[in-house]
Amino acid sequence: MAGRWRSPLRGPWLTSVFGAVLLVTLPLLIVTGLLDHAAYSPQFGQAFPRDVGWLRLPPFDWPTRPSWLFRLTQGLHVTLGIMLVPVVLAKLWSVIPKLFDWPPARSVAQVLERLSLLLLVGGILFQFATGLLNIQYAYLFGFDFYTAHYYGAWVFTAALVAHVGLKLPRLVSALRSRPPRRELATPRAGTRPEPPDPDALVPVHPGAATISRRGALALVGGLSLLLGALTVGQSLDGAWRRTALLLPRGREPGGGPNGFPVNRTAAAAGVRDDDTGEGWRVTLRAGGRTVALDRAALLALPQHTARLPIACVEGWSTLQTWTGVRLRDLAALAGAGDLNSAHVRSLERAGLFNQATLQANQVLDGDSLLALTVNGADLSPDHGFPARIIVPALPGVHCTKWVSEIEFRTRGDG
Ligand SMILES: Nc1nc2c(c(=O)[nH]1)N[C@H]1C(S)=C(S)[C@@H](COP(=O)(O)O)O[C@H]1N2
Ligand SMILES: [Mo]
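This structure is a prediction, so every number in the text was calculated from the model and none was measured.

About the criteria used
- Residues numbered from 1 in each chain as written.
- Chains lettered and ligands numbered in written order.
- Predicted model: local features only at pLDDT ≥ 70, side-chain atom pairs only at ≥ 80, totals over all residues.
- Heavy atoms only, no water.
- Helix = DSSP H or I, 4+ residues; strand = E, 2+ residues; numbered from the N terminus.
- Buried < 20%, exposed > 50% of the residue type's maximum accessible area, 1.4 Å probe, protein only.
- Contact = heavy atoms within 4.5 Å.
- Areas by Shrake-Rupley, 256 points an atom, 1.4 Å probe, with all protein chains shown as cover.
- Lys, Arg positive; Asp, Glu negative; His and termini not counted.
- Charge placed at Lys NZ, Arg CZ, Asp CG, Glu CD.
- Pairing = 2+ DSSP bridges.
- Axes fitted to C-alpha atoms, helices over the stretch in contact; angles between N-to-C directions.
- Salt bridge = Lys/Arg side-chain N within 4 Å of Asp/Glu carboxyl O.

Visitor: Describe in detail the overall build of the chain, supporting the description with residues and values.
Guide: Regarding its fold elements, the chain presents twelve helices and ten strands. For the chain, the spread of C-alpha atoms along the principal axes amounts to about 80 × 45 × 35 Å. Counting all 414 residues of the chain, 50% fall into the buried class. Of the contacts formed within the chain by residues at least 6 apart in sequence, a portion of 72% connects residues at least 24 apart. Of the roughly 19,200 Å² of accessible surface on the chain, 65% is carried by carbon and sulfur atoms. In the chain, 40 positive and 28 negative side-chain charges are present, and the distance between their average locations comes to 13 Å.

Structure (structure tokens):
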């Protein structure tokens, strides 16, 4: 079996270089992912992410400032995750002989190590698969992405901590074993196998090198940068967006004031023109009182304009100029006192995203709006006409479109 793997590049040094890159970047991926989870206000126990039991994060109110906070954490998480795919695959390639270790169970310690590797490798592949499918809007899985990706993150993180604890000393000594400058100066012709190692990564019967180690590193690094270059455009506006070739939708959002990506069209959401015409009202509720306002009444209230991003969990984001009524003015109008939260409902009947709960600080921020216009024009049907929520640093998925009702809950309401 061991004879099958013949690349002279395989060995502790190359594995450790990929390992070191991941050691620095994976924590950023994990932290941005957990922050994104926190941004969804899991403390309200909404439809997603579902209640995760004792894996709940310590509850805290996601801030509204800076307004680009979620745009940054989410954009980083998705872009970095995509960029790390080649690095992880390269690292797996570099240790593949270990997968076929024979005999498979030599000692208890070895079995435990292999189990932890199974969780580590299975964990990262699961996270990549679910994350990438979600970005491609391919909801193939029969489970809830947010919750599954969150559980997967903890399995992977626990396995990673164990793995780093076990392997860090070996990583350090392997990196020290070959001066990087010398390695980077070595062409293919001078590429020799590393000395035999206890993990048997170095082949017993090495073949000739088909690429140098520096070439292999350049290949993986280049692929990673290429993926990054084809992704970042989705977090930028203007012509940049067209470079986001990995983004299936939103690359050609059309022109005009409403020319930016649409997550779900009015047609897809089953929102018809009769629902949003003259008869439309938004109902404000607070402590048993209700106030119903039509669009003219909303337009007659003091209007506020704010330049705020919409940032979607799928990774794309865009900055637009919104005008509408401040949510805190609506809360006051409804007579809501000591605010605890607000529950927003949409005309849209079905779908996970037809309602959202906002924290008190998100209602009270001076830039939080029930928006009526964008970039000086009426919201288009696809962007939520007659009215939608827009709140600084709030995940796009909670910026409910086609709003029909806002229920302000005060501290006493529980
Ligand atoms: N009612 C309703 N509101 C919704 C959604 C939806 O499916 N239904 N999608 C949300 C998601 S996931 C995002 S990212 C934003 C996108 O807003 P946009 O389509 O105007 O760009 O709308 C949010 N509001
Ligand atoms: Mo979204």
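Back to the text.
Visitor: Tell me about the sheet that holds strand E1 (residues 282-286), residues and numbers included.
Guide: Judged by pairing direction, the sheet is mixed, and its five strands sit side by side in the order E2-E1-E10-E5-E6 without closing on themselves. In this open sheet, the two edge strands, each paired with only one partner strand, are strand E2 (289-293) and strand E6 (355-359). On average, each strand axis in the sheet is tilted by 15° relative to the strand beside it, whichever way the strands run. By the bridge criterion, four bridges tie E1 to strand E10 (residues 403-410) in an arrangement that is parallel. Looking across to E10, one finds that Ala286 is bridged to Phe408. Where helix H11 (residues 327-334) meets the sheet, it contacts E1, E2, E6 and E10, and its direction lies at approximately 70° from that of E10.

Visitor: Break down the pattern of salt bridges for me, citing the residues and quoting the values.
Guide: Applying the stated rule across the entire model yields 19 salt bridges. Salt-bridge contacts for Arg264 lead to Glu348; the nearest nitrogen and oxygen are separated by 2.2 Å. With Arg264 in the loop between helix H7 (213-229) and helix H8 (266-269) and Glu348 in the loop between strand E5 (339-346) and E6, this pair connects stretches of sequence that are 84 residues apart. Of the charged contacts in the structure, one is a salt bridge between Arg409 and Glu407, with a shortest N-O distance of 3.3 Å.

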